[in-house]
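Reading the structure
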Amino acid sequence: MGLADLLGGLSAGPFELALVASALLVLLAVLTSKVSDRVGVPALLLFLVLGMLAGSDGPGGIYFDDPALAQAVGTVALVLILFAGGLGTEWGRARPVLGVGITLATAGVIMTALLLAVFVSAALKIPFIDALLLGSIISSTDTPAVFAVMRAKRTGWRGKLGAILELEAGSNDPTAILLTTSVIGVIQSGESPLLSLALSFLLQMALGAAIGYLAGRLLPWLVNRLNLGQDGLYAPLTTALTLLTYAGTALVGGNGFLAVYVAGLVAGNSEFIHRRSLIRFHDGLAWVMQIGMFLVLGLLVFPSRLPAVMGTGLLVTVILMLVVRPLAVFLLTAPSHLKVSEKTMLSWVGLKGAVPIILATYPLLAGLPQAELIFNVVFFVVLVSVVVQGPTIPYLARWLKLTEPMGLQEAAPLEMNEVAGLNTALQEIVLPEGAASVGEKIVDLCLPDDFLVVLIERNREYIVPYGGTVLEAGDRMFVISNKLTLERLGSQLTQCPVGLG
């Protein structure tokens, strides 16, 4: 007896039954994330599998075959996920790798689609335009899954690699979406006006970036000046502004997905009240959206149809992982100062996620002849990519010597909400091994009077410091100071000689 049959036997209305089924699936998805942390498998795989098990081909027996609804859910989810990703990105980390990250997110996506189309068209003897559609759909990467795998292994990225992956992940989806819709338009019209497509691409990206920047400046301005009577209203305010940014940009012909990411990036690096709590809210909302999106996409697929595309799916996956992605990465990063080991790692972390599956619904809704085949092949490629690449990433990163230990991310015992007009901030500083301030008393550091060390976390215990407290490597210091002083001295404390004042 499946889940649908079990719930159908209860004396409740269809709304209550749907609510119970949805709540149970979300609860199971949250619990399976513990399995992801333990075994190092990306959570998205477990969410997808859970959706497949709950679907009509699985023991759950829930019949779902509505690509339009799945696409709508995926679009809204992706909008909120991209905004949260931009909101949590530190511009200081992204700025040094802006050139490489944007190149991979734009030219990298286009080159991946084109190269894959060339190889697949030749290998499978199919029209180039059909192969290009397949390549466009699976050209984007899901780097957040890579970070989840690394966090599960308590491992971080060395150097600028993490920042490059973070920037590529946040900004490559709009390119893949625009490329996919453009190719579908060419197939439907039977024409391929390359110049007009290129101009349309540039226009949509430019409009998306410009409107996103304006929205990112508008959000902090509104939040700081509205002075809402209830603090809880700021979360729906920023959520509504996010959805409005996407929809408004799309209505005027811009790329709404790029707009919301840029809006999040600009807003997240601005000062506004309740900034910390709003970042946490949108991070939690992004998780809700990810779970819902993956479950719906898992429900949409019929696992019994996947064996028929296994040969094609494996061929596409091998070409993508071992030929196309490495070729695109090495060609586009040739002018950069990245090491061969870093380029090799970038080549292997082209993990596929939810966006290709969402894009695979576009041909279905467009009524293209090979739409169902494309959807099943894309789903198969995503599954294989996650199963094969996901667990191997930490081991390859360690073999290439591109990792560093990652400390436990514990909740901060102190927080300071931003208030309009307040020029003081709370900052966390971790002292690395070999820092000049290690082994020194706080009083001997000659810190300015407005630079206060208020708490130190050491070996998972908290110390209220005084002038005679001796600093040790690994100390997690909570300091309060004028924002200009923090900007001037915050990073110097971990690397400059004693005598900062």
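You'll find the structure just up there.
None of these values were measured; they are calculated from a predicted model. (Residues numbered from 1 in each chain as written. Predicted model: local features only at pLDDT ≥ 70, side-chain atom pairs only at ≥ 80, totals over all residues. Heavy atoms only, no water.)

Section: the overall build of the protein
A tally of regular secondary structure across the protein gives 21 helices and 6 strands. Out of the 501 residues in the protein, the part that is buried amounts to 50%. Within the protein, contacts between residues at least 6 apart in sequence are counted, and of these 79% link residues at least 24 apart. As displayed, the protein has an accessible area near 22,900 Å², and 65% of this comes from carbon and sulfur atoms. (Helix = DSSP H or I, 4+ residues; strand = E, 2+ residues; numbered from the N terminus. Buried < 20%, exposed > 50% of the residue type's maximum accessible area, 1.4 Å probe, protein only. Contact = heavy atoms within 4.5 Å. Areas by Shrake-Rupley, 256 points an atom, 1.4 Å probe, with all protein chains shown as cover.)

Notes on the sheet that holds strand β3 (residues 424-430)
Strand order in the open sheet formed by 4 strands is β3-β6-β4-β5, and the pairing between neighbours is antiparallel. Each edge of the open sheet is held by one strand with a lone partner, namely β3 and β5 (461-463). Going across the sheet, the axis of each strand differs from the next one's by a mean of 25°, ignoring polarity. With 7 bridges joining them, β3 and strand β6 (residues 476-482) adopt antiparallel strand pairing. By the bridge assignment for β6, threonine 424 is matched with asparagine 482. (Pairing = 2+ DSSP bridges. Axes fitted to C-alpha atoms, helices over the stretch in contact; angles between N-to-C directions.)

Observations concerning the packing of helix α4 (residues 67-87) against helix α14 (residues 256-268)
Their axes nearest at 6 Å, the elements α4 and α14 cross at an angle of 30°. With respect to their mutual orientation, α4 and α14 come out roughly parallel. In terms of crossing hand, the pair formed by α4 and α14 is right-handed. Residues Thr75, Leu78, Val79, Leu82, Phe83, Gly85, Gly86 and Leu87 of α4 form the contact with α14, whose own contacting residues are Phe257, Val260, Tyr261, Ala263, Gly264, Leu265, Ala267 and Gly268. (Parallel < 35°, antiparallel > 145°, perpendicular 65-115°, else oblique. Left-handed = near helix turned anticlockwise from the far one by under 90°.)

Examining the packing of aromatic side chains
What the rule picks out here adds up to 3 aromatic pairs. Taken together, a centroid distance of 5.0 Å and an interplanar angle of 55° make the contact between tyrosine 246 and phenylalanine 257 tilted. Of this pair, tyrosine 246 sits in helix α13 (residues 234-251) while phenylalanine 257 sits in helix α14, placing them 11 residues apart in sequence. Above the face of the phenylalanine 302 ring, arginine 305 is positioned so that its terminal group lies 4.0 Å from the ring centre. (Phe/Tyr/Trp six-rings, centres within 6.5 Å; stacked < 30°, edge-to-face > 60°. Lys NZ or Arg CZ within 6 Å of the ring centre and 35° of its normal.)

As for the packing of helix α7 (residues 107-124) against helix α11 (residues 173-189)
When two helices pack together, their arrangement is given by the angle between the helix axes and the distance between those axes. Direction vectors running N to C along α7 and α11 enclose 45°, while the axes themselves pass 8 Å from each other. Here α7 lies oblique to α11, going by the angle between them. Between α7 and α11 the crossing geometry is right-handed. Residues Val109, Ile110 and Ala113 of α7 form the contact with α11, whose own contacting residues are Thr175, Ala176 and Leu179. Among the residues forming the contact of α7 with α11, the class breakdown is 5 nonpolar, 1 polar and no charged. (Nonpolar A, V, L, I, M, F, W, Y, C, P; charged D, E, K, R; others polar.)

Remarks on helix α17 (residues 340-348)
In terms of burial, α17 is largely enclosed, as 7 of its 9 residues are buried. Among all positions of α17, only Ser341, Glu342, Lys343, Met345, Leu346, Ser347 and Trp348 are buried.

Comments concerning α13
With 18 residues, α13 extends 25 Å from end C-alpha to end C-alpha; this agrees with the ideal 26 Å at 1.5 Å per step. All of the buried residues along α13 are Tyr234, Ala235, Leu237, Thr238, Thr239, Leu241, Thr242, Thr245 and Thr249. (Expected span 1.5 Å × (residues − 1).)

Things to note about the pattern of salt bridges
If the charged atoms of two oppositely charged side chains come close together, the side chains can form a pair. Using the criterion set out here, one finds 4 salt bridges in the structure. In this structure, the salt-bridge partner of glutamate 372 is arginine 305, at a minimum N-O distance of 3.3 Å. In this pair, glutamate 372 sits in helix α20 (residues 371-399) while arginine 305 sits in the loop between α15 (275-300) and α16 (310-332), placing the two residues 67 residues apart along the sequence. What makes arginine 305 partly exposed here is its relative accessible area of 35%. Arginine 458 is the partner of aspartate 475 in a salt bridge, and the nearest nitrogen-oxygen pair spans 2.7 Å. Separated by 17 residues along the polypeptide, aspartate 475 in the loop between β5 and β6 and arginine 458 in strand β4 (residues 451-458) bring together distant segments of the chain. Aspartate 475 sits in the buried class, given a relative accessible area of 0%. One salt-bridge network, in which partners are shared between bridges, spans Arg458, Glu472 and Asp475. (Salt bridge = Lys/Arg side-chain N within 4 Å of Asp/Glu carboxyl O.)

With respect to unusual backbone geometry
With a phi angle near 60°, histidine 274 is a residue other than glycine that sits in the positive phi range. Positive phi outside glycine occurs at lysine 401, with the angle close to 60°. With respect to the helices and strands, the residue lysine 401 is situated in the loop between α20 and β2 (403-405).

Re the environment of isoleucine 110
Looking at the element boundaries, isoleucine 110 is found in helix α7. Residue class for isoleucine 110 comes out partly exposed when judged on its relative accessible area of 28%. The contacts of isoleucine 110, once residues within four sequence positions are left out, are Thr175, Leu179 and Phe201.

A short note on the nonpolar core
One finds Leu48, Leu116, Leu134, Ile137, Ile138, Val378 and Phe379 to be the most contacted residues of the largest nonpolar core, which totals 79 residues. Per-element tally for this core: the top contributor is α20, with 12 residues. In contact with isoleucine 138, other than residues within four places in its own chain, are Leu116, Val316, Leu320, Lys352, Pro356, Val378 and Val381. Counting residues in hydrophobic clusters, the runner-up holds 19 residues, among them Leu104, Ala163, Leu165 and Leu396. (Core = buried A, V, L, I, M, F, W, Y, C linked by side-chain atoms within 4.5 Å.)

Notes on a nonpolar patch on the surface
Nonpolar side chains collect at one region of the surface, where Leu114, Val118, Phe119, Phe128, Val318, Leu322, Val323, Leu327 and Leu331 lie side by side and expose about 750 Å² of accessible area between them. Elements represented by at least two residues in the nonpolar patch include exactly α7 and α16. (Patch = residues over 30% accessible without salt bridge, like charges linked within 9 Å, V, L, I, M, F, W, Y side chains within 5 Å.)

A short note on the environment of proline 303
With respect to the secondary-structure elements, proline 303 resides in the loop between α15 and α16. Looking at proline 303, the relative accessible area reads 24%, which means it is partly exposed. C-alpha separation for the pair proline 303 and aspartate 57, spaced 246 residues apart in sequence, amounts to 6.4 Å. Other than its neighbours up to four places away in sequence, proline 303 contacts Met52 and Asp57.

It is worth stressing that arrangement in space is one thing and function is another; only the former is reported here.
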